[in-house]
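Close look at the chain arrangement
Residue-level listing of the chains:
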Amino acid sequence: VQLQASGGGLVQAGESLRLSCQASGRTFSRYVMGWFRQAPGKEREFVAAVSWSGGTVSLADSVKGRFTISRDNAHNTRYLQMRSLKPDDTAVYYCAADETVVVPTQNANDYDYWGQGTQVTVSS
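Not measured: the values here are computed from a predicted model.

This brings us to the state of the cysteines. Scanning all chains against the criterion turns up 1 disulfide. Through a disulfide, Cys-21 is tied to Cys-95; the S-S separation comes to 2.0 Å. With the S-S bond torsion at 65°, the cross-link from Cys-21 to Cys-95 turns out right-handed. Here Cys-21 is found in strand S3 (residues 17–24), whereas its partner Cys-95 is found in strand S9 (residues 91–98), with 74 residues between them in sequence. Each member of the pair Cys-21 and Cys-95 is classed as buried.

As structure tokens, this is what we get:
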């Protein structure tokens, strides 16, 4: 199973980006997908997660009101729409997936599959 994250880049504060994460390989029956990020010198932190159905979403307090997470099950793709970006959002963003949990979890240890990361840089 492979997760391919894309969509990162360099933007100015206040602008938007949309990250994508596509799953390939063995077909997941159902899975929760999450987004995490890691800034230089900091620990990896939870950003957002969504259930297979899309009916349950979990967002970190730091991104509520600015980020949304959505899914396209037909293409095994999840999206992280990021708006009103701030310099503090600068990090490598990782997508992760797990098919053993039903409710989106903020615990990175619950996810078995990880993408390679995509860099997001927000300039002030």
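Strand order in this open sheet of 4 strands is S1-S3-S8-S7, and the pairing throughout is antiparallel. Two strands bound the open sheet, and with one partner strand each, they are strand S1 (2–6) and strand S7 (67–72). Adjacent strand axes in the sheet meet at a mean angle of 15° when their direction is disregarded. Bridge analysis of S1 against S3 gives 5 bridges, and the strand direction is antiparallel. The residue bridging Gln-2 from the neighbouring strand is Ser-24, located in S3.

Conventions used here
Residues numbered from 1 in each chain as written. Predicted model: local features only at pLDDT ≥ 70, side-chain atom pairs only at ≥ 80, totals over all residues. Heavy atoms only, no water. Disulfide = S-S within 2.5 Å. Helix = DSSP H or I, 4+ residues; strand = E, 2+ residues; numbered from the N terminus. Buried < 20%, exposed > 50% of the residue type's maximum accessible area, 1.4 Å probe, protein only. Pairing = 2+ DSSP bridges. Axes fitted to C-alpha atoms, helices over the stretch in contact; angles between N-to-C directions.

From the geometry alone we can't say anything about function, so treat these as descriptive.
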